[in-house]
Amino acid sequence: MSTGAHGADEPVTTTLGDQAMEAPLGGAIGPSGGGSAGRAADRAAMRAFRPRRTVPAVVVAALLMILGVVVAAQTISALAGRPLRWVRLDRMLSWAASTPWNNGLFLFGAAIVALVGLALIVAALVPGRPRLVPVRTGDADLIIGMRRRSFARALAHAAEGVPGVHAARASVRGHTAAVTATTAGWDRERFGEAVHTAVLSRLVALSPIEPYHVKVNVRERK
């Protein structure tokens with residue numbers, strides 16, 4: 001928690017960074033209890049809400065389909081004695097035979113193809129952010145997820161329940177939950193710690209599978 005001096009209009013930020021405040025989160029609280037059944041339930045929930053990588057898959061499938069159609073049409077028409085000549089293979093072979101490996105155009109094209117291929121591989125292998133916030137159930141057959149907007153709103157409601165807090169709003173970015181509370185008075189430490197504790201308690205109650213760091217920003221109501 002930041003402890004420097006602040007003016008009346010300067011926001012105070014409380015960050016979940018101390019071990020004492022961070023310990024209840026990060027996968028230690030929840031009905032799964034850390035057993036094999038609980039871990040299996042957590043993995044099932046993460047897989048259920050993980051993005052399906054639809055766009056990269058559609059792009060690759062479309063490109064392969066087009067390439068297959070062109071090759072099949074060229075081959076069949078050539079066997080029939082009436083080549084379509086959609087692709088001038090003679091020109092391509094002539095260009096390839098006369099172009100050195102260190103040709104700038106050739107290197108540029110190879111680099112583009114390599115980058116596109118690498119991007120597709122990374123998109124396929126790197127897990128995406130779940131579409132919903134998966135919460136613990138302890139049962140692999142019972143999978144529950146919250147919309148990120150609803151998850152953030154639940155944290156804001158927890159902050160609004162602190163006496164002296166006039167209003168609050170929250171946002172979730174990655175594994176960070178940022179809560180801004182507007183108070184009717186001005187007691188930096190009291191309101192900051194009270195809001196921080198309320199938000200942590202609500203996080204523990206919601207029991208998200210992934211750990212979340214909490215940042216609390218307290219402002220004085222004008």
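Quantities reported herein were computed from a predicted structural model and do not represent experimental measurements. (Residues numbered from 1 in each chain as written. Predicted model: local features only at pLDDT ≥ 70, side-chain atom pairs only at ≥ 80, totals over all residues. Heavy atoms only, no water.)

The next point concerns the overall build of the chain. Counting its regular elements, the chain contains seven helices and six strands. Helices and strands appear in the chain in the N-to-C order β-α-α-α-α-α-β-β-α-β-β-α-β. Expressed as a percentage of the 222 residues in the chain, the buried residues total 27%. Of the contacts formed within the chain by residues at least 6 apart in sequence, a portion of 66% connects residues at least 24 apart. By element, 62% of the accessible surface of the chain is carried by carbon and sulfur atoms, the whole surface being about 13,800 Å². (Helix = DSSP H or I, 4+ residues; strand = E, 2+ residues; numbered from the N terminus. Buried < 20%, exposed > 50% of the residue type's maximum accessible area, 1.4 Å probe, protein only. Contact = heavy atoms within 4.5 Å. Areas by Shrake-Rupley, 256 points an atom, 1.4 Å probe, with all protein chains shown as cover.)

Its identity as a non-glycine residue notwithstanding, serine 207 has a phi of 55°, on the positive side. Its place among the elements puts serine 207 in the loop between α7 (188–206) and β6 (213–220). Of the residues examined, serine 207 reaches a relative accessible area of 7% and is grouped as buried.

If you look at the biggest cluster of nonpolar residues, it comprises 24 residues, and the most contacted ones within it are Phe151, Leu155, Val195 and Val199. The dominant element in this core, judged by the number of residues it contributes, is α7, at seven residues. Not counting residues within four places of it along the chain, the set of residues in contact with phenylalanine 151 comprises Val133, Met146, Val172, Leu203, Leu206, Pro208 and Tyr212. (Core = buried A, V, L, I, M, F, W, Y, C linked by side-chain atoms within 4.5 Å.)

One can find proline 130 in the loop between α5 (104–125) and β2 (133–135). When its relative accessible area of 5% is taken as the criterion, proline 130 is described as buried. Taking the C-alpha atoms as reference points, proline 130 and methionine 46, separated by 84 residues in sequence, lie 6.8 Å from one another. Ignoring any residue separated from it by four or fewer positions in sequence, one finds proline 130 in contact with Met46, Phe49, Arg50, Pro51, Arg148 and Glu210.

What follows deals with the side chain of serine 77. With respect to the helices and strands, the residue serine 77 is situated in helix α3 (residues 54–79). On the accessibility criterion, serine 77 (8% relative accessible area) is buried. A polar contact is formed between the side chain of serine 77 and the backbone oxygen of alanine 73, at a distance of 2.8 Å. (Polar contact = N/O pair within 3.5 Å; in protein donor to acceptor, adjacent residues only side chain to side chain.)

This part is about the pairing of strand β4 (residues 165–173). Summarising the sheet, β4 and strand β5 (residues 176–183) pair through eight bridges and their orientation is antiparallel. Across the sheet, serine 171 pairs through a bridge with alanine 178, a residue of β5. Counting the residues between successive antiparallel strands, the hairpin from β4 to β5 contains two residues, one of them, glycine 174, with a positive phi of roughly 65°. (Pairing = 2+ DSSP bridges.)

We now examine the packing of aromatic side chains. Summed over all chains, the structure comprises one aromatic pair. Here phenylalanine 151 and tyrosine 212 contribute two aromatic rings whose centre-to-centre distance is 5.2 Å and whose plane-to-plane angle is 45°, an arrangement assigned as tilted. Linking phenylalanine 151 in helix α6 (residues 148–160) with tyrosine 212 in the loop between α7 and β6, this pair joins segments that are 61 residues apart in sequence. You can call phenylalanine 151 buried: its relative accessible area is 0%. (Phe/Tyr/Trp six-rings, centres within 6.5 Å; stacked < 30°, edge-to-face > 60°.)

Our focus in this paragraph is α3. Each full turn of the α-helix corresponds to 3.6 residues, which orients residues three or four apart in the same direction. The first and last C-alpha atoms of α3 sit 37 Å apart over 26 residues, in line with the 38 Å expected at 1.5 Å per residue. Those residues of α3 not exposed but buried are Ala73, Gln74 and Ser77. Positive phi appears at glycine 81, one or two residues downstream of α3, with a value of about 85°. (Expected span 1.5 Å × (residues − 1).)

Between its first and last C-alpha, helix α2 (residues 36–48) extends 18 Å over 13 residues, near the 18 Å set by a 1.5 Å rise per residue. Taken together, the buried positions of α2 are Gly38, Ala41, Asp42, Ala44, Ala45 and Met46. If you follow the buried residues of α2, they end up packed against β2.

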